[in-house]
Amino acid sequence: REAEMISGTGYQKVDSADAPKARCCSRQVCGAIAAVVVALCVAFVFDCHILREPWVQVESSGKPLIDKYLGGRQTLNYWNLQPQRPNSMLLDCEAALEDNRTFAGFAYGSLPAARAARLMYNCTRVPGLFEQVPEVLRGVFWMKGNGFPEELAVMHMGQWFPAERTLVFPQAPFMWAWPDGVPADAPFHGKLYTPAMLDLVPWVMPASGMGFSLKFVDCPGSSRLPYQAGTMANNSLLDLYTLELDASASPPGSKWLRGIYGGPPLLGRCKCVSIGSYDLTKIIDGDGEPIEPQFSEFVEYMGDTRIVFNSGLKDQALNESLEAEDFTKASFRLKELYCTETETDVLGICGSPKIVNQREVEEMLVM
């Protein structure tokens, strides 16, 4: 079968001679059991370490970009993108939202699913950025099957580095979207769509400055192309994240496997167990037109559940700290805003020296 390209170097040899000899059954029965176990182990290790060649490298792809393009700056945020989204576009998009509110420095609004998807495309199609992004990555994507309460994303509002075949897209208003409730057929029966998750995830992602980098890597012998995803400055993740193109999908680039792989410690660096992978499905193409039947499937899936957007940063002190890239000061301002407005402190950072940390927040919320 087609091998999934994931990280993992070397392999572990399985030798039946090392298996302990049982004394509780006949030699023939124990021998048969041992043979089956060894066969399964060999098949698993072969699949994990040999078929799944390590074409996706663990090393960060960010350093060459930092040295060559950013003058040593360690971050690339939406206010650094060149060219910038016109402020008039952002204001028009914010005015199109309903149920507007603010929380801890950020503004939010929502729309029904069909209108939300179209608005998302229009609000992130920035001239000068959009045209440079590879065509297969333009458009609005539905995170179909994602157990986390996230619904839509765009990748075309980012910086494309052609020589390095790398796309970096930071968290920005209108480029990510969340549900305001639990769709009837939410993955895993909506177990992760808890009130805490629904309230906090739309704040945590923009507040923590979460962004992504995709490095295009050729994948010999496979019709799927993996693109490792991680933060630009630090890509040493505990789990392996990929985008794997489904070349059979029509139109081209309309379906990707968002691979999320892990593995028990005994497998070392081999990450070959899916732990939440889902289909990244394009519902609006690069020309802004709905792709059917995917678009209608998304609208039906959402039902009466609305889509929530972050429409911008509203706290002046926080905005000044971020634009000055004083992230320590910004983190403490975020904590101050959150602790002033939260009623339950689900993050557990109020009254302690802790500040906002993306990974700790996600682990805590899932628990």
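For the structure given in this document, a descriptive report is provided here. (Residues numbered from 1 in each chain as written. Predicted model: local features only at pLDDT ≥ 70, side-chain atom pairs only at ≥ 80, totals over all residues. Heavy atoms only, no water.)

**Quick look at the pairing of strand β6 (residues 166-170)**
Here is step 1 of the chain: Here β6 lies mainly inside the structure; five of its five residues are buried.
Here is step 2 of the chain: Across three bridges, strand β5 (residues 159-161) lies against β6 in antiparallel orientation. When the bridges of β6 are listed, glutamine 159 appears paired with valine 168.
Here is step 3 of the chain: What sits between β5 and β6 in their antiparallel hairpin is a turn of four residues, with arginine 165 showing a positive phi close to 50°.
Here is step 4 of the chain: As paired elements, β6 and strand β8 (residues 211-216) share five bridges and run antiparallel to each other. Residue pairing across strands places phenylalanine 169 opposite phenylalanine 212, the latter belonging to β8. (Buried < 20%, exposed > 50% of the residue type's maximum accessible area, 1.4 Å probe, protein only. Helix = DSSP H or I, 4+ residues; strand = E, 2+ residues; numbered from the N terminus. Pairing = 2+ DSSP bridges.)

**What to know about the pairing of strand β2 (residues 106-111)**
Here is step 1 of the chain: The buried fraction of β2 amounts to six of the six residues, a majority that puts the element mostly inside the structure.
Here is step 2 of the chain: Alternating residues of β2 divide into Phe106, Tyr108 and Ser110 and Ala107, Gly109 and Leu111, and every residue in both groups is buried.
Here is step 3 of the chain: Two strands pair when backbone bridges link them, and strand β1 (residues 98-103) and β2 are joined in this way by four bridges, in the antiparallel orientation. Within β2, the residue paired with threonine 102 across the bridge is alanine 107.
Here is step 4 of the chain: Where β2 meets strand β14 (residues 307-313), six bridges bridge the pair, whose relative direction is antiparallel. Within the sheet, the bridge partner assigned to leucine 111 lies in β14 and is isoleucine 307.

**Quick notes on the packing of helix α7 (residues 316-323) against helix α8 (residues 327-341)**
The description of two helices packed together rests on the angle between their axes and the distance between the axes.
Here is step 1 of the chain: Following both chains from N to C, one finds α7 and α8 inclined at 160°, their axes separated by 8 Å at the closest point. With respect to each other, α7 and α8 are oriented roughly antiparallel. In this structure, α7 meets α8 at a crossing whose hand is left-handed. Contacts between α7 and α8 involve Ala317, Leu318, Ser321 and Leu322 from the first element and Phe327, Lys329, Ala330, Arg333, Leu334 and Leu337 from the second.
Here is step 2 of the chain: Looking at the contact of α7 with α8 residue by residue, the classes come out as seven nonpolar, one polar and two charged. (Axes fitted to C-alpha atoms, helices over the stretch in contact; angles between N-to-C directions. Parallel < 35°, antiparallel > 145°, perpendicular 65-115°, else oblique. Left-handed = near helix turned anticlockwise from the far one by under 90°. Contact = heavy atoms within 4.5 Å. Nonpolar A, V, L, I, M, F, W, Y, C, P; charged D, E, K, R; others polar.)

**Topic: the nonpolar core**
Here is step 1 of the chain: Membership of the largest hydrophobic core comes to 67 residues, with the highest contact counts inside it found for Leu152, Met155, Trp176, Ile283, Phe298 and Phe309.
Here is step 2 of the chain: Counting residues per element, this core draws most heavily on helix α4 (residues 113-124), at seven residues.
Here is step 3 of the chain: If we skip the residues at most four places from it in the chain, methionine 155 touches Val133, Leu137, Phe141, Leu167, Phe169, Leu214, Leu243 and Leu280.
Here is step 4 of the chain: With 19 residues, the next largest nonpolar core counts Ala104, Phe106, Val204 and Ile349 among its residues. (Core = buried A, V, L, I, M, F, W, Y, C linked by side-chain atoms within 4.5 Å.)

**Looking at the state of the cysteines**
Here is step 1 of the chain: Evaluated as defined, the whole model comprises two disulfides.
Here is step 2 of the chain: Between the sulfur atoms of cysteine 93 and its disulfide partner cysteine 123 the distance amounts to 2.0 Å. Because the torsion about its S-S bond is -115°, the bridge between cysteine 93 and cysteine 123 counts as left-handed. Highlighted residues: cysteine 93 in helix α3 (residues 87-95) and cysteine 123 in helix α4, separated in sequence by 30 residues. Across the pair, exposure class does not vary: cysteine 93 and cysteine 123 are buried alike.
Here is step 3 of the chain: Between the sulfur of cysteine 339 and that of cysteine 350 lies a disulfide, 2.0 Å long from S to S. Taking the sign of the torsion about the S-S bond as the criterion, the disulfide between cysteine 339 and cysteine 350, at about -105°, is left-handed. Residue cysteine 339 is located in helix α8, and its partner cysteine 350 is located in the loop between α8 and α9 (358-366); the two are separated by 11 residues in the primary sequence.
Here is step 4 of the chain: Note on cysteine 350: relative accessible area 24%, which makes it partly exposed. (Disulfide = S-S within 2.5 Å.)

**Comments concerning the packing of α4 against helix α6 (residues 294-302)**
Here is step 1 of the chain: At a minimum axis distance of 9 Å, the contact between α4 and α6 shows a crossing angle of 130°. Judged by the inter-axis angle, α4 sits oblique to α6. Taken together, the residues of α6 that come into contact with α4 (itself represented by Ala113, Ala114, Ala117 and Arg118) are Phe295, Phe298, Val299 and Met302.
Here is step 2 of the chain: In terms of residue class, the contact of α4 with α6 is built from seven nonpolar, no polar and one charged.

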